[in-house]
Structure formats: structure tokens, C-alpha cells
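So the chains spell out like this:
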Amino acid sequence: MSIATMNEAFQSRRDFVVDALNAMPGVSCQSPKGAFYVFPNIAGVVRDLGIDKAYAALPAEIQATTSPSTLFQMFLLWQYCVATMDRKSFGQIGTKGMHFLPLSIATGLEDLKIGMQRMAEAINDKEGFARFFEAGEHFA
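The structure reproduced in this document is the subject of the present report. (Residues numbered from 1 in each chain as written. Predicted model: local features only at pLDDT ≥ 70, side-chain atom pairs only at ≥ 80, totals over all residues. Heavy atoms only, no water.)

Concerning the packing of helix H1 (residues 3-22) against helix H6 (residues 109-122)
- With their axes 10 Å apart at the nearest point, H1 and H6 run at an angle of 10° to one another. With respect to H6, the element H1 is oriented roughly parallel. Residue-level inspection shows Arg13, Phe16, Val17, Ala20 and Leu21 of H1 in contact with H6, the latter providing Leu109, Leu112, Lys113, Met116 and Met119.
- Counted by class, the contact of H1 with H6 contains eight nonpolar, no polar and two charged residues. (Axes fitted to C-alpha atoms, helices over the stretch in contact; angles between N-to-C directions. Helix = DSSP H or I, 4+ residues; strand = E, 2+ residues; numbered from the N terminus. Parallel < 35°, antiparallel > 145°, perpendicular 65-115°, else oblique. Contact = heavy atoms within 4.5 Å. Nonpolar A, V, L, I, M, F, W, Y, C, P; charged D, E, K, R; others polar.)

Overview of the environment of Glu127
- Among the secondary structure elements, Glu127 is positioned in helix H7 (residues 126-135).
- Each C-alpha atom, one on Glu127 and one on Leu49, is 8.4 Å from the other, the two residues being 78 residues apart in sequence.

Focus on the packing of aromatic side chains
- The final tally for this structure, using the stated rule, is eight aromatic pairs.
- By way of ring pairs, the aromatic residues Phe72, Phe75, Tyr80, Phe129, Phe132 and Phe133 are connected into one cluster.
- Positioned over the ring face of Phe10 is Arg13, at 4.7 Å from the centre of the ring. (Phe/Tyr/Trp six-rings, centres within 6.5 Å; stacked < 30°, edge-to-face > 60°. Lys NZ or Arg CZ within 6 Å of the ring centre and 35° of its normal.)

Comments concerning unusual backbone geometry
- With a phi angle near 55°, Cys81 is a residue other than glycine that sits in the positive phi range.
- Residue classification places Cys81 among the exposed residues on the basis of a relative accessible area of 60%. (Buried < 20%, exposed > 50% of the residue type's maximum accessible area, 1.4 Å probe, protein only.)

Here's the deal with helix H5 (residues 68-80)
- Compared with an ideal rise of 1.5 Å per residue, which puts 13 residues at 18 Å, H5 spans 17 Å between its outermost C-alpha atoms and is within 8% of the ideal.
- Of all 13 residues in H5, ten are buried; the element is thus mostly enclosed.
- Buried residues of H5: Pro68, Ser69, Thr70, Leu71, Phe72, Gln73, Met74, Phe75, Leu76 and Tyr80, and no others.
- Summarising the contacts, the buried residues of H5 are in contact with helix H2 (43-48), helix H3 (51-57), H6 and H7.
- Residue Cys81 follows H5 closely and has a positive phi angle near 55°. (Expected span 1.5 Å × (residues − 1).)

What to know about the packing of H5 against H7
- Their axes nearest at 11 Å, the elements H5 and H7 cross at an angle of 100°. Classed by the angle they form, the pair H5 and H7 counts as roughly perpendicular. Contacts between H5 and H7 involve Leu71, Met74, Phe75, Trp78 and Gln79 from the former and Gly128, Phe129, Phe132 and Phe133 from the latter.
- Of the residues that constitute the contact of H5 with H7, the class distribution is seven nonpolar, two polar and no charged.

Some remarks on the side chain of Ser69
- Structurally, Ser69 is set in helix H5.
- The class for Ser69 is buried, based on a relative accessible area of 0%.
- Among the polar contacts listed, one links the side chain of Ser69 to the side chain of Ser67, at a separation of 3.1 Å. (Polar contact = N/O pair within 3.5 Å; in protein donor to acceptor, adjacent residues only side chain to side chain.)

A look at the nonpolar core
- The biggest cluster of nonpolar side chains holds 35 residues, and the ones touching the most others in it are Leu21, Phe72, Met119 and Phe129.
- Secondary-structure elements contributing two or more residues to this core are H1, H2, H3, H5, H6 and H7.
- Here the element with the most residues in this core is H5; it accounts for six residues.
- Aside from chain neighbours lying at most four places away, what touches Phe129 is Leu49, Gly50, Ile51, Ala54, Leu71 and Phe75. (Core = buried A, V, L, I, M, F, W, Y, C linked by side-chain atoms within 4.5 Å.)

Have a look at this one:
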């Protein structure tokens, strides 16, 4: 496979994922110029699913080990089988109150399509998040 072919594949994946994310209520994502990650802002999802309120209700010792974006990350992983990263993976300096969820595009387009479909379902699953939070597992 040539470098040009690989570059086209990554651009196609990036464009697909950025467009899919921007079509989701509560999510906004700029198109990165390089790298294998996109960095959607999920602040609207944090608000709409009540993740911000759930996080605020956690004891301080649990708050210290997680974040609202991490709670959504764990909800996606455990309830929707979508693996993402959270802001802690890319450093935390100056990110308090920010809700970014880095996503890798270094996988096949079909897997990305499944992931985006599942994420679109998850951001509308307020009852599912409430059950996940109530279970009290997988917060970090």
C-alpha cells in the first residue's frame, strides 16, 4: 500500500467520524489537521444526560479519580462496547470543566461506522446512563 493510499484512507475515516460526531446532538468536533485522533467536545452530552449532576453528587475521593467525560467514556465502554479515551490520556493541565473525548481513527471504516452508530444511540440514552450511574461501578 502506498503512502498516498494510506493518507487517503485516514482522511476518509477522519471526515466520516467528524461528520458523524457533528450530526450528534450535544457534540461538536473540529477536523484535525493531523494525527490519528479527533477531539469532540461532548459538553452538550454531559449536560443532556445529566452526567454533570451525577459527577457533582459523587464523593470527593471518587471525583478526584474521574471526570464527567470519563463517566461518559465508561458508559460507552460498558453499556455500548465502544472504546474511547478521555482527557486524562492526553494530560489534564487546564482542562477542568472541559469535556473532550478523544477518539482514534486508526481502525477500519466499518468499525468506525459501528462505533459512531452506537455512540449516537448512547447520547440519547438518559435512562441507560442513570442505570449505569446507579450501579456505581466503572467510574474511572
